[in-house]
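Listed below, chain by chain, are the residues.
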Amino acid sequence: MDRIVVEGGIPLHGAVRISGSKNAALPIFAATLIAGGEYHITNAPALRDVATIIRLLAELGVLIEKQSTGAYRVDTLQAQGYEATYDMVKTMRASCLVLGPLLARFGRAKVSMPGGCAIGERPIDQHLKGLAALGAQINLDHGYVEVVAPGGLKGTRITMDLVTVTGVMNIMMAATRARGLTVIENAAREPEVVALARFLNSMGARITGAGTTEIKVEGVEELHPTDVEVIPDRIEAGTYLVAGAITGGQVALEDVNIEHLANIVDKLRECGCQIVENGTGVSLKAPSQIRPVNVNTSPYPGFPTDMQAQIMALLTLAGGASVIVENIFENRFMHVAELRRMGADITVTGSTATVRGVKGLSGAPLMATDLRASASLVLAGLAASGRSTIARVYHLDRGYEKMEEKLKALGAVVYREKE
Ligand code: EPZ
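Residues numbered from 1 in each chain as written. Predicted model: local features only at pLDDT ≥ 70, side-chain atom pairs only at ≥ 80, totals over all residues. Heavy atoms only, no water.

Chemist: Help me out: how do you make sense of the side chain of D49 in this one?
Modeler: Along the chain, D49 turns up in helix α2 (residues 48-59). Reaching out from D49, the side chain makes a polar contact with the side chain of R398 at a distance of 2.8 Å. (Helix = DSSP H or I, 4+ residues; strand = E, 2+ residues; numbered from the N terminus. Polar contact = N/O pair within 3.5 Å; in protein donor to acceptor, adjacent residues only side chain to side chain.)

Chemist: Is there a simple way to think about the packing of aromatic side chains in this case?
Modeler: To describe a pair of aromatic rings, you give the distance between the ring centres and the angle between the ring planes. Taken as a whole, this structure holds 2 aromatic pairs when the rule is applied. When the centroid spacing of 5.7 Å and the interplanar angle of 75 degrees are considered together, the rings of F29 and Y72 count as edge-to-face. Pair noted here: F29 is in helix α1 (residues 22-31) and Y72 is in strand β5 (residues 71-75), with a separation of 43 residues, a long-range link. Take F29: its relative accessible area is 0%, and that puts it in the buried class. Judged by its relative accessible area of 10%, Y72 falls in the buried class. Look at Y39 and F199: their rings are 6.2 Å apart centre to centre, the planes differ by 50 degrees, and that puts the pair in the tilted class. Placement of the pair is Y39 in strand β3 (residues 38-42) and F199 in helix α7 (residues 191-202), with a sequence separation of 160 residues. With a relative accessible area of 2%, F199 lands in the buried category. For the cation-ring pair, K110 lies above Y144, with the distance from its terminal atom to the ring centre recorded as 5.3 Å. (Phe/Tyr/Trp six-rings, centres within 6.5 Å; stacked < 30°, edge-to-face > 60°. Buried < 20%, exposed > 50% of the residue type's maximum accessible area, 1.4 Å probe, protein only. Lys NZ or Arg CZ within 6 Å of the ring centre and 35° of its normal.)

Chemist: Sorry if this is basic, but what is going on with the sheet that holds strand β6 (residues 83-84) here?
Modeler: Backbone-to-backbone hydrogen bonds pair the strands of a sheet. The strands run either parallel or antiparallel. Judged by pairing direction, the sheet is mixed, and its 4 strands sit side by side in the order β6-β7-β9-β8 without closing on themselves. Only two strands of the sheet have a single neighbouring strand rather than two, namely β6 and β8 (137-141). Relative to strand β7 (residues 108-112), β6 runs parallel, the two being bridged by 2 bridges. Bridge pairing links E83 to K110 in β7. (Pairing = 2+ DSSP bridges.)

Structure follows, in structure tokens:
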């Protein structure tokens with residue numbers, strides 16, 4: 001296994017290009033199953049999770065050819081499988097995103113129930129509630145969930161019991177082929193949901209309201225292949241903004257969607273960062289002293305849970321105490337113990353972390369536990385005095401494309417070595 005080595009204490013300066021969004025790319029690849037034919041996907045990020053969904057589609061009989069960086073030709077005409085195996089789902093729980101598309105295409109799908117993961121149990125009860133409401137029969141057996149709709153799906157009104165991103169994605173994808181109108185209430189408003197709806201509409205679906213809490217899907221007889229460019233990754237962008245802030249530097253990000261960054265930019269401005277937005281770029285100048293702030297993670301447009309670990313790393317160096325409440329996942333403080341080993345002063349009570357700023361962090365041997373926790377440790381390592389090593393860096397590779405190269409371009413001393 002690889003580990004990342006960071007020599008900290010260097011203010012970052014320079015520009016970096018933001019890659020396509022992991023959480024927009026995964027549902028788009030899955031949605032190509034709905035209508036057989038040839039699709040072209042561009043600006044897809046080079047990530048382990050994208051490689052995983054590509055492998056899953058190939059197992060289902062999809063022909064996928066990488067044409068150039070980030071560009072794939074996807075031919076789903078021959079797709080015939082309808083099962084996502086345990087090995088596949090245990091690698092990446094977002095494999096469950098094939099449930100809706102397979103049900104829409106073949107009237108059946110069989111997916112290994114995603115086990116919990118480091119950040120929480122993460123059930124898919126809401127996905128199944130929605131698919132059952134559309135008329136699918138749900139069978140749980142030997143760790144697999146099988147959804148079948150031999151008579152097809154019928155549009156209905158579905159009220160989600162909680163806001164779930166991939167849950168609303170699965171229901172939306174299935175509903176594109178249901179007979180009649182489906183109304184999804186209490187829907188997730190994330191930009192990745194909007195991007196998927198736009199993609200589905202370009203395939204001939206009739207979806208309105210994506211980005212609001214009520215999404216309407218008018219079922220259609222036929223959908224067709226199309227081409228799509230993946231939107232920029234707002235969490236990668238937020239991570240590099242924090243990299244500039246935590247090292248006391250000045251960074252410029254290119255190819256971002258400013259609108260999607262509003263909640264992150266607002267919070268970093270509250271911390272004292274100077275941030276200038278211009279078209280598809282955003283630049284940040286760190287203050288001499290980070291101000292403490294309070295953070296409450298919540299569904300979009302609130303502060304994203306996927307940025308909680310990263311902002312916590314920043315706040316360990318603030319001039320005072322910050323309170324961070326994690327409202328989405330029940331176990332998303334795995335980075336706290338590792339940050340403490342670098343000298344951070346953090347106390348956790350339930351879903352609330354109190355972060356008392358310290359003068360500085362010291363580099364240490366660290367262990368990554370999940371994707372965003374590993375990003376948080378790299379950020380802390382960039383600010384710490386001395387060397388940090390982050391082990392199990394495969395977590396990082398799931399969601400950050402060429403992170404060392406991008407950080408090096410900003411002046412960081414960072415490299416990868418075999419553990
Ligand atoms: C998506 O996960 C993202 N992943 C996550 O990003 C992100 O953290 C999360 O949304 C929240 O924004 C992808 O898009 C591939 P949820 P998802 O369903 O859809 C509970 C990253 O770092 N829940 O919105 O799986 C669930 O346990 C990843 O890129 C149910 O109880 O998250 C969680 O507590 C991590 N029942 C909360 O809802 C369900 O049926 C939100 O989960 C579904 C979810």
